[in-house]
Amino acid sequence: IMLASSPSPTSIAGPPPPPYYNSSWSLISQGAEARVWLVPNYIQHNTNRGANANSTENDHDSSKNKSITTSAICKERFPKTYRHPTLDDTLTRSRTRAECRSLARCLKHGVSVPLVLGVDLRKAGNITNNGGGSGGGGGGEGKEKEMSNSRTQNRRDSACLFLEHVQGCTLRSFLNVTATNTNTNTNSNSTTPKSEGKKGKADEKGKDENEPVAKKAKIESCEIDGVISDTISFSKITTRIDECTKKAAYTTGVTIGKMHNANIIHGDLTTSNILIRNPQDAPPGSASSTSTSSSTSQWNPDMVLIDFGLSSTSRNTKKMSSHEERAVDLHVLERAFVTTHANSDVLVDEVMRGYKAGCQASDSVFVRLAQVRMRGRKRECFG
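Residues numbered from 1 in each chain as written. Predicted model: local features only at pLDDT ≥ 70, side-chain atom pairs only at ≥ 80, totals over all residues. Heavy atoms only, no water.

(A) Representation of the environment of Pro-79 within the structure. Position of Pro-79 among the secondary structure elements: in the loop between strand S3 (67-77) and helix H1 (85-108). Judged by its relative accessible area of 15%, Pro-79 falls in the buried class. Expressed as a C-alpha distance, the spacing of Pro-79 and Asp-89, which sit ten residues apart in the sequence, is 7.5 Å. Leave out the neighbours within four places in its chain, and Pro-79 touches Pro-15, Asp-88, Arg-156, Asp-157 and Ser-158. (Helix = DSSP H or I, 4+ residues; strand = E, 2+ residues; numbered from the N terminus. Buried < 20%, exposed > 50% of the residue type's maximum accessible area, 1.4 Å probe, protein only. Contact = heavy atoms within 4.5 Å.)

The following block contains the structure:
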């Protein structure tokens, strides 16, 4: 994950950061609902085993006093100014609580999710300053000052959820491989007619000004002995298909099945919301991939589910609505594979095979999934 430089509180877009924000925090991502921060020194503890009450100053050397820091992820749900303060405070607090409960329930049932380290739910403060206008005259100016003071003091704090910092990569970045192709064209300066440039300018004048500009590939030109060489580079993203990715997809299905066994519906299953705690670093087709074939068979990927902001609980497993929600969860992940990773049908099959091995009610969910797919096809055909 590429971390941005630590911004100052005044340079951060949107609402101000939490009150305990400091310059060591790094902004990882920001969306419409929340911001994600990296807190490098969330937990600090001293491993001093040799020091005691009667120890001298020589005992407190650097070899005995070692400070260990643990980083964390802070998911901050900032206040929304377009919502009523009471409604915004209720939604923010309830969604943070629901996400925390879903994570705790997943941990209880053996689902790999980030550990919850802390929750900060601050109630919105509502303070109105009645002494806005000084003096008896100028009633209109006094009311304007009163309204401005009430707006500034109507403080709404963010709700922060502190989670374990998972060292790894997303499933999306693990599956995508970027390949760069270069094409080289050589042209001589002596054979290029001068009228060609004038013709190009005339063609540019004849074009419609409102016509959108076409995207161009990156061209690097260099001239050697009167010969111009143009190098055009194209970047193409392909899907990695090998034993590692198949095993990761299968383990993803098993993890989702365990989550559904705990009656938790994720609500936003995509390859960006699934982390690999111990990724296999051997790229496909490289020399190291053949040398690590034995380690690939012994590799057990640890798939971590994140972002339970839209999660819900399906309490009654006997109702068909629970199978419907689980089928929609799988359909969302299936569509994420199709739209984000080209030619990933093999990986989708592995996910479904792992889900069948991990979920207890997989047969009923697959029946519902077929119906959900048919509804999606009708929507694509008829709008």
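Past the structure itself, the notes keep going.
(B) Geometry of unusual backbone geometry. Backbone geometry places Asp-307, a non-glycine residue, at a positive phi of 60°. Residue placement: Asp-307 occurs in the loop between strand S12 (303-305) and strand S13 (312-313). On the basis of relative accessible area, Asp-307 is assigned to the partly exposed category, the value being 31%. One non-glycine residue, Asn-343, lies in positive phi territory at about 55°. By the element assignment, Asn-343 lies in the loop between helix H8 (320-340) and helix H9 (345-358). A relative accessible area of 70% places Asn-343 in the exposed class.

(C) Representation of a nonpolar patch on the surface in the model. Taken together, the side chains of Ile-43, Leu-107, Leu-115 and Leu-117 define a hydrophobic patch exposed on the protein surface, amounting to about 280 Å² of accessible area. Assignment of secondary structure puts Leu-107 in helix H1. (Patch = residues over 30% accessible without salt bridge, like charges linked within 9 Å, V, L, I, M, F, W, Y side chains within 5 Å. Areas by Shrake-Rupley, 256 points an atom, 1.4 Å probe, with all protein chains shown as cover. Salt bridge = Lys/Arg side-chain N within 4 Å of Asp/Glu carboxyl O.)

(D) Representation of the sheet that holds S12 in the model. Sheet architecture is open: three strands sit in the order S6-S11-S12, paired in antiparallel fashion. Each end of this open sheet is capped by a strand with a single partner; those strands are strand S6 (169-170) and S12. As judged from the three bridges shared by strand S11 (residues 274-276) and S12, these two strands associate in the antiparallel manner. In the sheet register, Ile-276 faces S12, and the bridge partner there is Met-303. Sitting on the sheet, helix H5 (residues 243-261) touches S11 and S12, and the angle it makes with S12 is about 45°. (Pairing = 2+ DSSP bridges. Axes fitted to C-alpha atoms, helices over the stretch in contact; angles between N-to-C directions.)

(E) Representation of the layout of surface pockets within the structure. In this structure, the largest pocket spans a volume of roughly 890 Å³. Together, 32 residues line the largest pocket, and Ser-29, Val-36, Asn-273, Ile-306 and Asp-307 are the ones closest to its centre. Sorting the residues of the lining of the largest pocket by element identifies strand S1 (26-30), S3, H1, strand S5 (159-164) and S6 as the ones contributing at least two each. When the residues that make up the lining of the largest pocket are grouped by side-chain class, the tally is 14 nonpolar, ten polar and eight charged. (1 Å grid on protein atoms, 1.4 Å probe; cavity = no way out; pocket = protein on both sides within 12 Å on 5 of 7 lines; lining within 4 Å. Points joined across faces, edges and corners; volume = space filled by probe spheres on them. Nonpolar A, V, L, I, M, F, W, Y, C, P; charged D, E, K, R; others polar.)

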